[in-house]
Amino acid sequence: MRAIFKREMRAYFASPVGYVVVAALLALYGFFYYQVMAIGSSSYITQVFSTMFMFSMMIMPIITMRSMSDDRKNKTDQALITAPVSVTGIVMGKFLAAFGVYFIANTLALLPAITMGFFSSAFPWGILFGNYIGTLLCGAAMISIGVFISGLTISQVIAAIGTFVIAIFLMFVDQIASALSGNFIGTILTWISFTSRYDTFTQGIFSVSSCVYFISVAAVFVFLTARRVESRRWN
């Protein structure tokens, strides 16, 4: 798994993808933090993370689109799945590499907020790091979905579009659930919503159930991706 992780991380930053994703997220975070500093109140930091949820969901398909499909396109997937390494190790290595790019961007994005904290006597450190953890957990869940979709196709473009469509659905599923409120489908849609669970963190509430939900989604889709790769090994 470690070898796969290192290989994938090198691939991300050997191409423009890693740099573009990190630069885009940092630019967006920087813009919204600039607005917070212009307002002059650190209480608006939660709105930075709330706004960045939408942009992060749209950028994550770029991170995951090549994770599994690239090997199939370059005909290197057979070498991987016949190598003396478990399928779960292969998938976990690719998932962690994609998450690593996202982690680097979001961790570097903390620097403006930490700088502001040094000049504020009542800076909401707990809310800041609670939002940061929520962002990482939500990102891990969405990245696992993107890796799974990438494993279903040989085309990076199709993988990116498929992940983007699901990201849009997850962002607006609350509105759909509201239209279907009072029935079973509406209840299910409300339960799978990423937005409502992520908003819990932006409100300064550390929700254990939301943490378990995001971790469970990540684990389920990593498992499904591993089973997909396993089926190709036997074929």
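Residues numbered from 1 in each chain as written. Predicted model: local features only at pLDDT ≥ 70, side-chain atom pairs only at ≥ 80, totals over all residues. Heavy atoms only, no water.

Visitor: Would you mind showing me how to read the overall build of the protein chain here?
Guide: Looking only at helices and strands, the protein chain features 12 helices and zero strands. Start at the N end of the protein chain and walk to the C end: the helices and strands fall as α-α-α-α-α-α-α-α-α-α-α-α. Since a compact globule built from 235 residues should have a radius of gyration of about 18 Å, the 19 Å found for the protein chain is in line with a globular shape. Dimensions of the protein chain along its principal axes, counting C-alpha atoms only, are 60 × 45 × 30 Å. Counting over 235 residues, the protein chain shows a buried share of 48%. Taking as baseline every contact in the protein chain between residues at least 6 positions apart, the subset at least 24 positions apart corresponds to 75%. Summed over its atoms, the accessible surface of the protein chain is roughly 11200 Å², and 72% of this surface lies on carbon and sulfur atoms. Here the protein chain holds 14 positive side-chain charges and 7 negative ones, and the gap between their average locations is 7 Å. (Helix = DSSP H or I, 4+ residues; strand = E, 2+ residues; numbered from the N terminus. Rg over C-alpha atoms; globule rule 2.2 N^0.38 Å. Buried < 20%, exposed > 50% of the residue type's maximum accessible area, 1.4 Å probe, protein only. Contact = heavy atoms within 4.5 Å. Areas by Shrake-Rupley, 256 points an atom, 1.4 Å probe, with all protein chains shown as cover. Lys, Arg positive; Asp, Glu negative; His and termini not counted. Charge placed at Lys NZ, Arg CZ, Asp CG, Glu CD.)

Visitor: Looking at this structure, I do not really get the confidence of the model for the protein chain. What am I missing?
Guide: Detail in the predicted coordinates should be disregarded across regions flagged by low pLDDT. For the protein chain, the average pLDDT comes to 85, and 92% of its residues sit at 70 or higher. Helix α5 (residues 77–81) is the least confidently modelled element of the protein chain, averaging 63 in pLDDT, while helix α6 (residues 87–108) averages 92, the highest of any element. (pLDDT = per-residue confidence, 0-100.)

Visitor: Would you mind going over a nonpolar patch on the surface with me for this structure?
Guide: A contiguous nonpolar patch, built from F169, I176, L180, F184, I185 and I188 and spanning about 540 Å² of accessible area, is present on the exposed surface. Broken down by secondary-structure element, the contributors of at least two residues to the nonpolar patch are α9 (156–179) and α10 (184–192). Here the nonpolar patch takes three residues from α10, the largest share from any one element. Relative to the helices and strands, F169 is located in helix α9. Look at F169 and you get partly exposed, because its relative accessible area is 34%. (Patch = residues over 30% accessible without salt bridge, like charges linked within 9 Å, V, L, I, M, F, W, Y side chains within 5 Å. Salt bridge = Lys/Arg side-chain N within 4 Å of Asp/Glu carboxyl O.)

Visitor: Sorry, what's going on with the environment of T190 here?
Guide: Within the fold, T190 resides in helix α10. Overall, T190 belongs to the partly exposed group, its relative accessible area being 43%. Sequence-wise, T190 and D174 are 16 residues apart; in three dimensions their C-alpha atoms are separated by 6.1 Å. Apart from residues lying up to four places away in sequence, T190 is in contact with A177 and S196.

Visitor: Whenever I open this one, the environment of L25 confuses me. Can you help?
Guide: Structurally, L25 is set in helix α2 (residues 16–39). Between the C-alpha atoms of L25 and A109, which are 84 residues apart in sequence, the distance is 7.8 Å. Leave out the neighbours within four places in its chain, and L25 touches M52, S56, I59, Y102, A105 and N106.

Visitor: What exactly am I supposed to notice about the layout of surface pockets here?
Guide: Its boundaries defined by the atoms lining it, the largest pocket holds a volume of some 180 Å³. Around the largest pocket sit I145, I166, F169, L170, W191, I192, F194, Y213, S216, V217, V220 and F221, which together line it. Among the elements of the structure, α9, α10 and α12 (208–234) are those that each provide at least two residues to the lining of the largest pocket. The dominant element in the lining of the largest pocket, judged by the number of residues it contributes, is α12, at five residues. When grouped by side-chain class, the residues that make up the lining of the largest pocket number 11 nonpolar, one polar and no charged. (1 Å grid on protein atoms, 1.4 Å probe; cavity = no way out; pocket = protein on both sides within 12 Å on 5 of 7 lines; lining within 4 Å. Points joined across faces, edges and corners; volume = space filled by probe spheres on them. Nonpolar A, V, L, I, M, F, W, Y, C, P; charged D, E, K, R; others polar.)

Visitor: Can you walk me through the packing of aromatic side chains in this structure?
Guide: Applying the stated criterion across every chain yields a total of 14 aromatic pairs. Between W191 and Y213, the ring centres sit 5.4 Å apart and the planes meet at 85 degrees, which makes this aromatic pair edge-to-face. With W191 in helix α10 and Y213 in helix α12, this pair connects stretches of sequence that are 22 residues apart. Note on W191: relative accessible area 54%, which makes it exposed. The class for Y213 is buried, based on a relative accessible area of 8%. A cation sits over an aromatic face here: R66 above Y12, 5.0 Å from the ring centre. In this arrangement the basic side chain of R197 is found over the ring face of Y213, its NZ or CZ atom lying 4.0 Å from the centre. (Phe/Tyr/Trp six-rings, centres within 6.5 Å; stacked < 30°, edge-to-face > 60°. Lys NZ or Arg CZ within 6 Å of the ring centre and 35° of its normal.)

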